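Structure at a glance
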Amino acid sequence: MEIDAYSPLPLRTIGDVRAALTADLGSSGDKENFESDLLRALEVSSEAISTAVTAVIVDYRGRIRLCQDPDFEAAVQEGIDLTMRLKRQARSE
């Protein structure tokens, strides 16, 4: 799968999610955690009911899309800055 850092990935299959994680498009450790989470979900799912597997795929698809968002890191930093400012204000009161 060819990966473009600025267009949303399809991420429709387990293979799509694996390819994105292999290209380091998730958070640190997501590639390894995905495989173990998927294995656990497969072990508890029956052939007819694969809700746990679907939940794992949806979770990691969201993580990859967050990391792909060019504004994600700025939003995280804004939240950290706000938290620090609120802590300083609480200490000075």
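This text follows the structure it describes.
These lines cover the structure that appears in this document, whether it is placed above or below. Owing to the predicted nature of the structure, the values given are computational and were not obtained by experimental measurement.

1. Description of the overall build of the protein chain
For the protein chain, the count of helices and strands is four helices and zero strands. Written out in order from the N terminus, the α and β elements of the protein chain read α-α-α-α. Whereas a compact globule of 93 residues would reach a radius of gyration of roughly 12 Å, the protein chain reaches 17 Å, over 25% beyond that. By its C-alpha atoms, the protein chain is 60 × 30 × 20 Å across when sized along the principal axes. Across the 93 residues of the protein chain, 20% fall into the buried class. For the protein chain, the proportion of contacts with a sequence separation of at least 24, taken over those separated by at least 6, is 45%. For the protein chain, the accessible area works out to roughly 6,800 Å², and carbon and sulfur atoms hold 54% of it. A gap of 5 Å separates the mean positions of the 11 positive and 17 negative side-chain charges of the protein chain.

2. Let's talk about the pattern of salt bridges
The full count for this structure, using the stated rule, is four salt bridges. The partner of Arg40 in a salt bridge is Asp37, with the nearest N and O atoms 2.3 Å apart. Of this pair, Arg40 and Asp37 are both found in helix H2 (residues 30-44), three residues apart, which corresponds to roughly one turn of the helix. You can call Arg40 partly exposed: its relative accessible area is 48%.

3. Some details on a nonpolar patch on the surface
Taken together, the side chains of Val76, Ile80 and Met84 define a hydrophobic patch exposed on the protein surface, amounting to about 230 Å² of accessible area. Mapped onto the elements of the fold, Met84 is located in helix H4 (residues 72-92).

The rules behind the values
- Residues numbered from 1 in each chain as written.
- Predicted model: local features only at pLDDT ≥ 70, side-chain atom pairs only at ≥ 80, totals over all residues.
- Heavy atoms only, no water.
- Helix = DSSP H or I, 4+ residues; strand = E, 2+ residues; numbered from the N terminus.
- Rg over C-alpha atoms; globule rule 2.2 N^0.38 Å.
- Buried < 20%, exposed > 50% of the residue type's maximum accessible area, 1.4 Å probe, protein only.
- Contact = heavy atoms within 4.5 Å.
- Areas by Shrake-Rupley, 256 points an atom, 1.4 Å probe, with all protein chains shown as cover.
- Lys, Arg positive; Asp, Glu negative; His and termini not counted.
- Charge placed at Lys NZ, Arg CZ, Asp CG, Glu CD.
- Salt bridge = Lys/Arg side-chain N within 4 Å of Asp/Glu carboxyl O.
- Patch = residues over 30% accessible without salt bridge, like charges linked within 9 Å, V, L, I, M, F, W, Y side chains within 5 Å.

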